[in-house]
Structure formats: structure tokens, C-alpha cells
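# Architecture at a glance
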Amino acid sequence: MTDQMAVLAADRPRGLFGDAWHELRRRPLFWVSVSMILLVVLMAAVPTLFTSGDPGLAQLSRSRQPPSAEAWFGYDNQGYDIYTRVIHGARASIVVGVLSTIGVVLTGATIGILAGFYGGWLDAVVSRVADIFVGVPFVLGAIVILTTLNAGGDAGPVRIVAQVVLSIAVLSWPVAMRIMRSTAIAAKQQDYVKAARALGAQPRRIIGKHMLPNCVAPVLVYSTIALGAFIGAEATLSYLGIGLRQPVVSWGVMINSAKDYLRVAPHALLFPAGFLTATVLAFVMLGDAVREALDPKLR
Amino acid sequence: MADLLEVRDLVKHFPVKRGVLFKQTIGWVRAVDGVSFTLGAGETLGVVGESGCGKSTLAQVLMLLEPPTSGEAFFEGRPMFSLRGAELKRLRRDMQIVLQDPYTSLNPRMTVGDIVGEPFEIHPEVAPKGSWAGRVRELLDVVGLNPEHINRYPHQFSGGQRQRIGIARALALRPKVIVCDEPVSALDVSIQAQVMNLLGELQSEFGLAYVFIAHDLSVVRHLSDRVAVMYLGKIVEIGTEEEIYNHPTHPYTQALLSAVPVADPALRGRRDVIRLTGDVPSPIDPPSGCRFRTRCWKAQDVCATEEPALVERGGHPSACHFAEERSVVP
């Protein structure tokens, strides 16, 4: 009997996320991506930890100076210290990525689970509307939205960031919605949902207690990858001159201002682009690791 | 005995649709096509038939998970299909279901305690909140599980144990009828017997009535007072366990019984094996007249033109123009 008790004690229940965590802990890829992400998040949260320079200080006399012991990443065309600006630029990039992801996942997943659960005309209308949004090429759609919003003239940093987040969220929610809808349709036909309905459970309980916990995994994986993609999207829009812009400092803004002097000052492009690529890669790797850990079939 | 459940002429047709944007109905799957039966309190009605004959659809409609196309059902004399809101919720307490696949019928993200306790959360009027945990432990004990395992997740149990969890959930509200939709067909044979015995014990302990659906005649026999044999959405023969197993009159029942394996090798050569040829016709376009005629060795012209009614023939209701007793099991 005591042996049995010991076995019972050792065999503590573990839910799906407990299992996933157990699986993730053993993956080097997970730790590499998490440390890269933590580093970038730290840069975004407390830039003064990494640099004491002023990102707004332009010394035209040092314009386009290459990297040196004094300025590790060199100076750009305006004479800004690139290292200081790369560190300070992390914040805008991360904020845009995180806010866009939250917006996309919350709206997309909510609409998707409702469409999947209720089906019928609601599903038909939502799916066709999503098709329309998917049909609009991302960059074209963003140009239309942002040029319209930018027409108002000078805007503060908060408004600039909010506009970019809004345009990304408006153009990307259908992806999260489709993922959620298809998993919700599959979950709805599961026997445990039938059993809950036979017990007299209301739609709210079925969606909240039975479907949502079983549907979040694919959206969660999507959101990690999307976060990286949205940071990239911000850079794309800023490069085109319609996304973030002065006075906001971001990697995309830096790439934009470096593009005209690529042959004379390649370092001005190299460093922000390198940080951007590494950050996007880290999120994509994290998404891959999480997906493999959450999918029991791959174990 | 008074009828607890009465089903009259129940029909469930599913539309077959084609087209992407503008869906057109191009036909109907006649899953259940005019089924009538009664169930007394504490009684077990076995429903058998091969895959696709409409047994599970019957269960879904009875549990009000799918609306019927037509027909009526009465629970304790009150019509079931017109119930809404609070009355419908009240009926759910009296009728519960045990589903076929114990691997999909339990939510993998909920602990056993949450799964078995959910009926109390949905129907808080049944028991005061403080007593739920105690009741869940009691239920686990009743179905032969260790009440200490209340915090475990379904994946930590075997198939048979999972089915016991499903049974505990169905029992929680003390229903009068439990619809068992092939509750043992996903389990190992040795475990099947344990679960069947448990269902038998629970029946005598709580006075439950079962609608017991299975595709295996030998499983149903063990528990049933009466047996209905279904073919392509219709009941072809219905009677007491003794009448169906020892005096079958419908050719389909006889063919099914002759396919049950015989344990005694000495008897094997002497029994009369009926081999049916062909497949079950599509329920979208069932044969005219008698639905079994395409595979029946007795079929005559009349079978194609006139549908045989399920009426008393040779001692109990049988839907065959040429109903005749034939002993197939020695």
C-alpha cells in the first residue's frame, strides 16, 4: 500500500501545458530563442542599461563614420550614434509587435470561435468578410490605410504607433480567425461537447470551458510566429516611409534613413537590419518549438 | 408497467448538399426513417444493427442533440421535442447519455473531478455547492474508481476506466434513462464484460432504464429485456430477448444471429450459417418496398412493391412478408 502511495505521489497530474513545458525545457532551440527575446525585451524596457547615449543627438561632423572603439556601430548620415539608436529602437519595434499580436489574436480568435461554434449565417458572413481582407495584399492595404490616417499632418509618437498597430491588426485578423474557426469546428464535433450539451450546458459554458481550452494551442503558436512577422511588417512599412517615423526611433525607421547611403555607409543599414532579422528569427524559432511541444503527435 | 419513454414514428433525415456559395440540397440521408418503441421504467431496450443503420442518430435525436425531422417522443407522457428553456433543462436531468469513444468523450483539459462535477455546476439546484466534491468522490467509488484520483486528467486512465468516468458523469444527476451509445465497442473484450457488469449493477441499484445501442448481438443479450433490430433506419424486428434470440422471424435477424461465433467446437458444424451477399444499400436512395429485399433470399415481387409493416407476426412484431421462425443458433 505504501508503495502505491509513493507511486501516486510521484505521478502528479500534469495538464497539456505542463507537458509542453516539460518538453520545451529539453530543447536547446527553445532556450536560444528565449534568451534572444529576453535580451531584446530588456533593451526595450531599460535601454539605459546598455547605453548612456542620447538617441536624439545628431552630430553632423561625425556623419557616416564607420564603426570604431568609441562608437561600436558607427554613425549614420545625420551623425546619430547607431548603437544608441539600435538599443532605443527596440522599444518601438517590440511595442508594435506585441500590441498588433494582442489585437490580432483577441479579435481574430473571438470572432473565429464564435463563427466555428454557431456556424450557419454568422459563419458564412464572417468567412466571406475575412476572404475580402485576405484578398487585399498586405502592403497595398497598409499603404491605403496609413496614407489616409497620416493625412492629418504632424502626429505625436503615440498616435504614430497606434496607427501602425491598427493597420496591421485590421489586415491580419483573418488569419487568426481562420485558425480558430477551423479548430473550433473540429472541437465542436468532439464527444465531450456532445456530452456537455446533453447535460444542458449553455453555449457560454461550452465555449469557455470545453472549446477554448482545447482550441488555444494553434492560435498560441501562430501568435509567437506572428509577433516576429509583425515586427518585420513594422520595418517594412517604416522603410516605405508610411509606418513609424521621426520622432519615433525604430529599426525600420533606421533602415529607411540608411537606404539612400547604402554604398557609402553600409554599416548604417547592417546593424538595425541584423537586429531586426535576429529578433524575427527568434520569435519564429520559439513558435516552432512551442508548436512541436504542444502537438502530442510529434512527441 | 407505465411507459417512461415512448417514441412514435421518429424520422431524422440529413440533407446532402452540393455547391460552394449557393448550397443546393440534392438528396436526403434517411438515417432514421420511422422508428417507434416504448421503454418502461427500469427496463433495458437493446438496439442492434450494423454500422450506418441509424442507431447513433437515434441516440442523438433522443438526447435532443439533433432536432428530429418528424415524429414524436414522450417522456413520462409529456412531449419532449417541444420543450424549451427551463423545461428542457429539467428533462436533461432525467435523461443522460454514455458515449461510444471514451477517448473523445472526456475533455482532456479537465480533471476527473471537474468532469464528473460538471453536472452539478450546470444544475446547481440538485445539490448544495459544498456537497459537490463529496458527491463526486461517491460517484467515482460507485463506478469502481479510486476517489483519490479526483485530480487526475483523463489521459492518465485506461479506456475502461475512462468509460467508467463517463458513466459516473451520466449518473451524477440521478437520471431515469441512460442512452448508452455503443458504450463498450471501443473497449477490449475483457474490459467490455466489466463495464457491462457495472451497467447491470447500476441498473438494479438506481432503477435505471437503458436504451442500449450496440452492433453486436451478443453484447446486447447480456443486459436487455427487449431487443430491437434495425436495418437502414427502420426497426425490422422487436421483441423480448427470448423471442429475438430463440425465435427470430425476420431474415435479417436470423442472418445476424447466425454470424455470432459459437464457442463450442462440437456445435460449429451443425449450425446454419446464413451468408448475406452485397452491401447495405445507400440510405440516400433506399430500395423500394422492403429495404432488406436486395440481400434477402426470400425476396418475392411483393417485397419490392409493398413495404412490410412492423406488426405481430409469429408471436412478436416483425417487418417481413414472409416472417417465419427459423432456429439458427443450436
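Look a little higher up for the structure.
Quick summary incoming for the structure in this document.

The rules behind each value
Residues numbered from 1 in each chain as written. Chains lettered and ligands numbered in written order. Predicted model: local features only at pLDDT ≥ 70, side-chain atom pairs only at ≥ 80, totals over all residues. Heavy atoms only, no water. Helix = DSSP H or I, 4+ residues; strand = E, 2+ residues; numbered from the N terminus. Rg over C-alpha atoms; globule rule 2.2 N^0.38 Å. Buried < 20%, exposed > 50% of the residue type's maximum accessible area, 1.4 Å probe, protein only. Contact = heavy atoms within 4.5 Å. Areas by Shrake-Rupley, 256 points an atom, 1.4 Å probe, with all protein chains shown as cover. Axes fitted to C-alpha atoms, helices over the stretch in contact; angles between N-to-C directions. Parallel < 35°, antiparallel > 145°, perpendicular 65-115°, else oblique. Nonpolar A, V, L, I, M, F, W, Y, C, P; charged D, E, K, R; others polar. Salt bridge = Lys/Arg side-chain N within 4 Å of Asp/Glu carboxyl O. Expected span 1.5 Å × (residues − 1). Arc of directions from axis to C-beta. Disulfide = S-S within 2.5 Å. Polar contact = N/O pair within 3.5 Å; in protein donor to acceptor, adjacent residues only side chain to side chain. Core = buried A, V, L, I, M, F, W, Y, C linked by side-chain atoms within 4.5 Å.

What follows deals with the overall build of chain B. Summing up its helical and strand segments, chain B has 11 helices and 12 strands in all. Here the C-alpha atoms of chain B give a radius of gyration of 21 Å, agreeing with the 20 Å that 2.2 N^0.38 yields for 330 residues. Summarising its shape, the C-alpha atoms of chain B cover approximately 65 × 60 × 45 Å along the three principal directions. Residues counted as buried form 52% of the 330 residues belonging to chain B. Taking as baseline every contact in chain B between residues at least 6 positions apart, the subset at least 24 positions apart corresponds to 65%. In the form shown here, chain B has an accessible surface area of approximately 14,500 Å², with 50% of it arising from carbon and sulfur atoms.

Residue and element names in this part refer to chain A. Close contact between helix 9 (residues 203-239) and helix 11 (residues 267-294) brings their axes to 8 Å; oriented N to C, the two are set at 170°. Between helix 9 and helix 11, the angle is such that the two are roughly antiparallel. When helix 9 is examined against helix 11, the residues Ala-217, Leu-220, Val-221, Thr-224, Ile-225, Leu-227, Gly-228, Ile-231, Gly-232 and Ala-235 are found in contact with a partner set consisting of Leu-276, Thr-279, Val-280, Phe-283, Val-284, Leu-286, Gly-287, Asp-288, Val-290, Arg-291 and Leu-294. By residue class, the composition of the contact of helix 9 with helix 11 is 14 nonpolar, 5 polar and 2 charged.

What follows concerns the pattern of salt bridges. All told, the structure shown has 25 salt bridges over all chains when counted by the stated rule. Residue Glu-121 of chain B pairs with Lys-209 of chain A through a salt bridge whose shortest N-O separation is 3.4 Å. Taken together, the residues Glu-121 of chain B in helix 3 (residues 112-122) and Lys-209 of chain A in helix 9 connect one chain to another. You can call Glu-121 of chain B partly exposed: its relative accessible area is 28%. Residue Lys-209 of chain A is classed as partly exposed on the basis of its relative accessible area, which comes to 34%. A salt bridge links Asp-33 of chain B to Arg-30 of chain B, with the shortest nitrogen-to-oxygen separation between them at 3.7 Å.

This part covers the packing of helix 8 (residues 191-198) of chain A against helix 9 of chain A. Residues and elements named next belong to chain A. Orientation of helix 8 relative to helix 9, taken along the N-to-C sense of each, is 175°, at an axis distance of 11 Å. In terms of orientation, helix 8 lies roughly antiparallel with respect to helix 9. On helix 9, the residues touching Tyr-192, Val-193, Ala-196 and Arg-197 of helix 8 are Ile-206, His-210, Met-211 and Asn-214. Its residues assigned to classes, the contact of helix 8 with helix 9 shows 5 nonpolar, 2 polar and 1 charged.

Below, the discussion takes up helix 6 (residues 189-206) of chain B. Residue and element names in this part refer to chain B. Counted at 1.5 Å a residue, the expected span for helix 6 with its 18 residues is 26 Å, and the 26 Å between its end C-alpha atoms agrees. Of all the residues in helix 6, the buried ones are Gln-192, Val-195, Met-196, Leu-198, Leu-199, Leu-202 and Gln-203. The arc enclosing the buried residues of helix 6, seen along the axis, measures out at 160°, which places them on a common side. Counted as exposed and oriented over 90 degrees from the buried face of helix 6: Ser-190, Ser-204 and Glu-205. Among the structural elements, strand 3 (44-48), helix 4 (132-142), helix 5 (159-171), strand 8 (209-214) and helix 7 (217-223) are those in contact with the buried residues of helix 6. Phi turns positive, to about 60°, at Gly-207, one or two residues after helix 6.

Throughout the structure, instances matching the rule amount to 0 disulfides over all chains. A disulfide-free cysteine, Cys-320 of chain B has its sulfur positioned 5.8 Å from the sulfur of Cys-296 of chain B, the nearest such atom.

Moving on, we come to the interface of chain B and chain A. Listed as interface residues are 31 residues of chain B and, on the opposing side, 25 residues of chain A. Remark: the boundary between chain B and chain A carries 3 salt bridges. Linking chain B with chain A are 13 residue pairs in polar contact (both at pLDDT 80 or more). When contributions to the side of chain B that touches chain A are tallied by element, the ones reaching two or more residues are helix 2 (85-94), strand 6 (95-98) and helix 3 of chain B. Take the side of chain B that touches chain A: its biggest share by element is 4 residues, from helix 3 of chain B. Residues of the side of chain B that touches chain A, tallied by class, amount to 13 nonpolar, 10 polar and 8 charged.

Before going further, it helps to spend a moment on the nonpolar core. Residue and element names in this part refer to chain B. Membership of the largest hydrophobic core comes to 53 residues, with the highest contact counts inside it found for Val-116, Ile-165, Ile-167, Leu-171, Ile-178, Tyr-210 and Phe-212. With near-sequence residues (within four places) excluded, Val-116 lies in contact with Val-136, Leu-139, Leu-140, Ile-165, Ala-168, Arg-169 and Ala-172. Leu-39, Leu-88, Leu-99 and Met-230 belong to the second-largest nonpolar core, a separate cluster that totals 39 residues.

This part covers the environment of Glu-234 of chain A. Residue and element names in this part refer to chain A. Tracing the backbone through its elements, the reader meets Glu-234 in helix 9. Glu-234 gets classed as buried once you look at its relative accessible area, which sits at 0%. Setting aside residues no more than four positions away along its own chain, Glu-234 makes contact with Ser-93, Val-96, Val-164, Ile-168, Leu-244, Ser-250 and Gly-252. For Glu-234, the side chain forms a polar contact with the side chain of Ser-93, separated by 3.2 Å.

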